[in-house]
Amino acid sequence: MLKAPAFTLALLTMSAAAADVSINGSMKKWHPLIIDNVDATSTLNERLLQPNPFLNFRYNVLLTSPSGNEYTVPGYFAGNGQGHGTGSTWRAKFSADETGEWRYQISFRQGENIAVSLNAEDGTPLPSDGESGTFTITSQSSDDPGFLSSGRIQYTGEHYLKFADGPYWIKGGIDSPENFMGYAGFDNTRDHPGGAGTNSLADGIHRYETHTADWREGDPLFTNSANPDGAKGIIGAINYLSDQQINSIYFLPMNLGGDGRETYPFINTSGSDYDNTHYDISKLFQWSIVLDHMQNRGIASNIVLGEVEIGNTNWLDNGQLGIQRKLFYRELIARFTHLLGIKWNLSEESRYGDERHLQFADYIRKLDWAEHPVTVHTHLDDPASQYNALLGNPLFDASSIQFNPGRAEEFVETWRRETADAGWPWVIDMDEVGPGSVGLTDRNIDELRKSVLYPVYFSGGNIEWYFGYHLLPLGGDMRTENFRTREPMYQYTGYARTFMQSHLPFWEMQPADELLNGSDNAQVLAKEGVVYAVYLPSATQTGELTVADGEYDVRWFNPRTGQFTGEATTATTNPIIIGPAPDSENEDWVILVSTPGYTPPDFSPDMNTEQEPDTDTDTDTDTDTDTDTDDEENTNTDTANNPQLGGAIPKSGGSADPRFYAVLLVALVVSGLVRRKRWKL
């Protein structure tokens, strides 16, 4: 059952001899756009052996922007377009990066394994092939929810990602549970034997029952026979995490043969060629609703495409880049690359090796018109084994490093330097704090704030928190049900991000610990002669800060409360003697040192904002259920009036929180140059 969202629908329809092409959405820049092609000559089913609707048809849409940029957007078989596996709808999803008149041209062809072919001329044309038309995109609004106001989070050739129409972005996310999408509310979601770590969960799958209370009226809603609360647990968990300023979630879309063994996009799970090339339309429809809600709540998706366990590594094409893996990549890209915050992560603790890393990334790049960052996750404290062969290669934009706490600063600074020296600076993401059995718990939060959070942030990196292996109720890497168990760390991470975004031009700053003498384990991030940020894990030794000559304002920031303490003082000596802390000298402190004329960055300090339910719009549930007999668990209602996310994107909440600031709209000329450079290489 789907609750209808509140938004304006613009619908354009063109008729071909036997097909209708429609364009659905709010028709606003960065907002999801759905380009449907309904082929009235043929009704197919997701279980059909021949022709396989996922593999033997290829639906692409060539989109040309007002400025002349071209994007080939891969599409997919969408059943009836409303979450049921029988139908004649082919769908492509897009998010426009320019306002004005766009032109589209349909490519719809049939042939053996054509879905994974990159040759535009392969196959036989079908009705609507070659159809074209135009549509108009208007500007987004500053109060649009989540990422929709600021655009795609993209690589710009620097050590931080940046919103296309907004500020630079600092990641503060969670790495657990890796089987976040192994959720009882999704259709056809069952735990399979042979895995590890989920035996304390009911039926081995998540329910997030404590977070059903965090679901709000107006949020997305779907149900199935296994879970009458349907979407409420996972949507509520997303709401909670967003309220806590978490802005990224790491998850596996397929863990068969791995640890959890309950997350998969296929209709069946035997690992046969048939099963690995037939996708569960109902489940993927529900996944889309959840991921779009994450986007509307300002949470990015770190999509991890494989696991280290040999069964998962070899599940598709025995570990090679064959038809099954290509189709897996295409299906995920076609359904989700319209999202504005994605990182494609080739594998957890990858065992694929350099050659396959390059092959996999190259194929993803050729399909992903949005050019989302690509990375691969490392083994513990050994990033060099995965990364040395990738340095300087524009197929890769970011790291995904697993590390012990004592090496956080070392790895951030090393790989900032190594990638920059290779000519292609990476975004340095520290995605898993070890050791694997411990991670972040409810007892080491203060310790990891001091040894990981600020060493990562003040060395120029980003963080996701891994939860280790722990039983319920604490939960861990695969068993977390209640995200409140680590709440203080979410708050500390939010304080640190807000401090940096509000007071530092962090994207222009460099780690410079050598500037502080007389204080052990301190961190310094500097734009020398302008602004310095100093982190002291203990203020018993404050030391002396070497600065460019001049006058400076000195302020003390409490990382435990997120507040400045006391009044600013003036320093004119070089080096600056930091002096005693305002109080609690045994605790950690941040010192902000800046020139009197320094102006902080002019953008919203936090892109996550709590969305209040929209009480002005009719969100009555459509109860006219059109059930596909092949989707026995699917109780999604007919969503003909719900046209954006796999048919519809439910709007989360409604009006923006009054604390949501209008963001700076800046054209990213540099990103265009980066795009052209990458595709010419």
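Reading the values: rules and limits
- Residues numbered from 1 in each chain as written.
- Predicted model: local features only at pLDDT ≥ 70, side-chain atom pairs only at ≥ 80, totals over all residues.
- Heavy atoms only, no water.
- Pairing = 2+ DSSP bridges.
- Helix = DSSP H or I, 4+ residues; strand = E, 2+ residues; numbered from the N terminus.
- Axes fitted to C-alpha atoms, helices over the stretch in contact; angles between N-to-C directions.
- Parallel < 35°, antiparallel > 145°, perpendicular 65-115°, else oblique.
- Left-handed = near helix turned anticlockwise from the far one by under 90°.
- Contact = heavy atoms within 4.5 Å.
- Nonpolar A, V, L, I, M, F, W, Y, C, P; charged D, E, K, R; others polar.
- Expected span 1.5 Å × (residues − 1).
- Buried < 20%, exposed > 50% of the residue type's maximum accessible area, 1.4 Å probe, protein only.

> Tell me about the pairing of strand β31 (residues 563-571), and name the residues and values.
Here strand β30 (residues 552-558) pairs with β31 via six bridges, running antiparallel. Following the sheet pairing, Y552 is matched in β31 by A571. Remark: four residues form the turn of the hairpin made by β30 and β31, two consecutive strands paired antiparallel; G562 in that turn has positive phi of roughly 75°.

> Lay out the packing of helix α5 (residues 323-336) against helix α6 (residues 354-367) in plain terms, naming residues and giving numbers.
The N-to-C vectors of α5 and α6 enclose an angle of 40°; their axes lie 10 Å apart at closest approach. Considering their axes alone, α5 and α6 lie oblique with respect to each other. As for the relative orientation of α5 and α6, their crossing is right-handed in sense. Facing R325, K326, Y329, R330 and I333 of α5, the residues of α6 in contact are F360, Y363, I364 and L367. Broken down by class, the residue content of the contact of α5 with α6 amounts to six nonpolar, no polar and three charged.

> Go over the sheet that holds β31, please, and point to the residues and values.
One open sheet accounts for six strands, arranged β25-β27-β28-β33-β30-β31; its pairing is antiparallel. Across the chains shown, the open sheet's two edge strands, defined by having one partner strand only, are β25 (510-511) and β31. Relative to strand β27 (residues 523-527), β25 is paired through two bridges, and the arrangement is antiparallel. Across the sheet, residue Q510 finds its bridge partner in β27, namely A526.

> Talk me through helix α8 (residues 408-421); I want residue IDs and the actual numbers.
An ideal rise of 1.5 Å per residue puts 20 Å on 14 residues; α8 measures up with 20 Å between its terminal C-alpha atoms. Among the residues of α8, those classed as buried are A408, F411, V412, T414, W415, R416 and T419. Here the buried face of α8 lies against α7 (383-387), β21 (402-403), β22 (429-430), α9 (445-457) and β25.

> Kindly report on the sheet that holds strand β26 (residues 516-517), identifying the contributing residues and their values.
Sheet strands pair by backbone hydrogen bonding; their relative direction is either parallel or antiparallel. Spatially, the three strands line up as an open sheet ordered β26-β29-β32, and their pairing is antiparallel. Taken across any chain shown, the strands that pair with only one partner, and hence form the sheet edges, are β26 and β32 (576-577). Looking at chain direction, strand β29 (residues 544-545) and β32 are connected through two bridges and run antiparallel. Residue L545 lies in a different strand from β32, and its bridge partner there is I576.

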